[in-house]
Every structure is written in C-alpha cells, then in structure tokens.
Amino acid sequence: MKALYVEGGTFLHLMSPRLKLIGLCLSSLALFMIYQPVPLAFAAIASAMLYLSLRIGWRQSWVRMRMLGLTILVVALFTLVFNGWDEAAAVLFRLTALALAAAAVTATTTTGDFIDELTAAAYPLERLGLVRAADLGLAVGLVIRFLPEVLSRYDAIRDAHHARGFKPKPLTIAVPLLILTLKNADEIAAAIDARGIRRQK
Amino acid sequence: MTTRDLVLAALFTAIIVALGVVPPVMLGFIPVPITAQSLGVMLAGTVLGAKRGGFAVLLLLVLVAIGLPVLSGGRGGLAVFASPTAGYLVGFLFAAIVTGFLSERFVKRSQSGLMQTSAFFLAALAGGVVVDHALGVIYLGLVTGIGIPKAFIGDLAFIPGDVLKALIAALAARAVIVGYPLLPERGAERA
C-alpha cells in the first residue's frame, strides 16, 4: 500500500508535524467561524496556492481529490437550491479551503511521523490506564503487514467460486474470508508475545 | 486488551480495508453495486463485539488520518475528515461499538439460528444504519448550513443499500459464530 506522502523539500515538508496538525486544527476552526463568501474565497485561494506549491501534479491530484471534489460540488449545489447564492459560495469556498489544506498536510507528512504524533498524543490516555500508546504503532504495522494476505485470500476464494461454477456473492465470500483470516490471530498473537514485543507477563 | 484482541482487531481492519479495495459486487436482484466497506464495519461489531470491533474501526480511522488510501476508491488523508460527509466516516466508529454492544447482549449461543440471525440484524441495523446515518446527517446538516431535515432527504437514497448490508452482515455473523465463535456473550444467563 502506497501512502499519500509525496517526497520533497518544501517549507511544509520541513515543518514539524505537530505544528502542521495544530495549524490545521486552528485554521479549520477559523474557517467555520467565518460566514462571508469573500474572506472564505481568499482562504480557498491561499489553500490552493499552498497545495500547488507542493507540485503534486495534475494527474495525481485528480486521483486524490476527485471523490472529495464531487462531494463538495454536490453539497454546494444542494445549498444553492435550498439556501441561495451567498451560502452556496460560502460552503464551496470553506470546504475547498479545508480539503486542500488537509491534503497538503497529508502529502508532506510521512506515515512514521504521524504514528509518532499519535503515540505522543495517546500517552496521557496511557497514564489513565485506557490504552497502551505503543500498541497503536504495532496495530498499524500489523494491518499493513497482513492486508496483502487478506487480498490474496479474497482472490483465492473468488477463484474457488469460479472453479465450481458459482457466482461470487458478498455472503459466500465474506464468511470464509472472515473465518480464514481470524483463525490466524492466535498464531500471530503467540509470535508477538514470544518475542516480548509488548513487554507484558 | 490482550495481544490476541489486538491482533484480531488489526486483522479485521485489514479485512475492512480489503473490502474497500476489491471491485464492488453486484447483487443479483437490484442493480446497485455494494461497496463493502460499511458492510465491514457492521461485521466488525457483530463478529468481534463492541470493544475489539470498535478498536478495529478506530484503527481504520487512524490509517485514514495518517495518509494511507484505505477507503473505497483509494481515498485517505486528513482531507477526508474535512469533507462534508465526514460524519458518516466518524460514525463508523460508533456504529461498530453500538452493533457490537447490542450483539453481545442479544445473541446467545443457545438460541436457534433464526433467532441469532434476527438479533444480529437488529444490532447491525441499529448501529450501521440508525447511528451512522444519524451522525452523518447531523454533521452534514450543520457543517453545510442546509439544515438537518434537508440533509436527511438527501440521505434517504442510501438507506436501502445499508439495510441490505445489515442483512448480509447478520447472515455472515451467524455463519461465523457457528464456524469460529469470537463474540463475547453477556447478559443474565451467566449469573
């Protein structure tokens, strides 16, 4: 699985991940407190310039943003029909600014940096005894490690359907996929504990 | 959380991601493609229960936030949370927890198959349809300013598909509880 991070040496790449995330939170709060279309249009332009400065390329941007762009357009049209021009423009600009700023942060922060920030954010919860902060990184690693196996298992089950002349159906695929995948849990857990990765018991 | 619980949740997250990657399956009787990711969320609750199912979906949201394209159509990154439909995505978490909570209480090993399937169906319906759509509609209505009633009208088109997914999740969960039971059982019976 390829992350949405894009290599580069721009100002945003060099900025500390924590600062970027805090900045994104604050700017999204600010965007929701502004209601006039004109300042929101300026915010959208600023976000667009920020995004363009990363030089992600039009094709890659199209792949990344088309679903989101479509959602924003549909919502803006909906707003136009029910609430008129002013509010539709405000919604369009606000959501565009937000989406582009968030995409810029995602494109300039590595997966590892994000996990470090999440782990740091989870430490107060660990002190309360709710979660173990280090488990988060382990769990993310497990998902990325086992996703290809789940996908190849899916292919095998689908081929088994075809070999027997059955049409693959959601139910007849889901059940073997679930049971075959989850049956591995005991072995994987034993392997993790044998290596003392979670340092318990 | 034991290591086994952690691994079960992580494997389930991988299944939910896989369900978003595979091509949508057409159902025979209606011409609507089933993108199976919300089915995966309901399955997380019905198969693993509230705690592990909730953790599996939380992990999915973490993967989205850290910039992996794990949602159907290759979507991912913080921009997804900035979308007007983010309420449905965050709602997945509560959907899995509610579905799991109700499954643990309604479903007993001693029940007949029909009873178990019906109980799973009600749990998936409450979590995956009622809770998820309610959160999605509230966020959509508030964030765009179109208001909750109008957002609800737009939402109605997606309800039949999700009811169908709840039914599939119920049948699958019943088959899994027979083949490889994982759901913790709660209630008066144990006392």
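Structure: see above.
Criteria and cut-off values
- Residues numbered from 1 in each chain as written.
- Chains lettered and ligands numbered in written order.
- Predicted model: local features only at pLDDT ≥ 70, side-chain atom pairs only at ≥ 80, totals over all residues.
- Heavy atoms only, no water.
- Helix = DSSP H or I, 4+ residues; strand = E, 2+ residues; numbered from the N terminus.
- Rg over C-alpha atoms; globule rule 2.2 N^0.38 Å.
- Buried < 20%, exposed > 50% of the residue type's maximum accessible area, 1.4 Å probe, protein only.
- Contact = heavy atoms within 4.5 Å.
- Patch = residues over 30% accessible without salt bridge, like charges linked within 9 Å, V, L, I, M, F, W, Y side chains within 5 Å.
- Areas by Shrake-Rupley, 256 points an atom, 1.4 Å probe, with all protein chains shown as cover.
- Salt bridge = Lys/Arg side-chain N within 4 Å of Asp/Glu carboxyl O.
- Buried area = accessible area lost by both parts, 1.4 Å probe.
- Polar contact = N/O pair within 3.5 Å; in protein donor to acceptor, adjacent residues only side chain to side chain.
- Nonpolar A, V, L, I, M, F, W, Y, C, P; charged D, E, K, R; others polar.

*Asks:* Could you give me a rundown of the overall build of chain B, with the residues and numbers involved?
*Replies:* Assigned secondary structure in chain B consists of eight helices and two strands. Counted from the first residue to the last, chain B has its helices and strands arranged as α-β-β-α-α-α-α-α-α-α. Relative to the 2.2 N^0.38 estimate, which gives 16 Å for 191 residues, the radius of gyration of chain B is 16 Å and therefore close to what a compact globule would have. Once the C-alpha set of chain B is aligned to its principal axes, its extents read approximately 50 × 35 × 35 Å. Burial statistics for chain B: of 191 residues in total, 60% are counted as buried. If you take every contact in chain B between residues at least 6 apart in sequence, the share linking residues at least 24 apart comes to 74%.

*Asks:* Run through a nonpolar patch on the surface, naming residues and quoting values.
*Replies:* Residue and element names in this part refer to chain A. There is a patch of nonpolar side chains on the surface, built from I22, L26, L29 and M33 and spanning about 450 Å² of accessible area. Inspection of the secondary structure assignment puts L26 in helix α2 (residues 17–33). Overall, L26 belongs to the exposed group, its relative accessible area being 54%.

*Asks:* An account of the interface of chain A and chain B is requested, with residue identities and associated values reported.
*Replies:* Listed by partner, the interface residues are 63 residues for chain A and 58 residues for chain B. Of the roughly 5,200 Å² buried between chain A and chain B, counting both surfaces, carbon and sulfur atoms make up 82%. Across the chain A-chain B interface, the total number found is one salt bridge. Residue R4 of chain B is joined to D186 of chain A by a salt bridge in which the shortest nitrogen-to-oxygen separation is 2.4 Å. At the junction of chain A with chain B, the criterion picks out six residue pairs in polar contact (both at pLDDT 80 or more). Elements that contribute at least two residues to the side of chain A that touches chain B include exactly α2, α4 (58–83), α5 (85–108), α6 (111–127), α7 (133–163), α8 (170–182) and α9 (185–194) of chain A. Among the residues forming the side of chain A that touches chain B, the class breakdown is 46 nonpolar, eight polar and nine charged.

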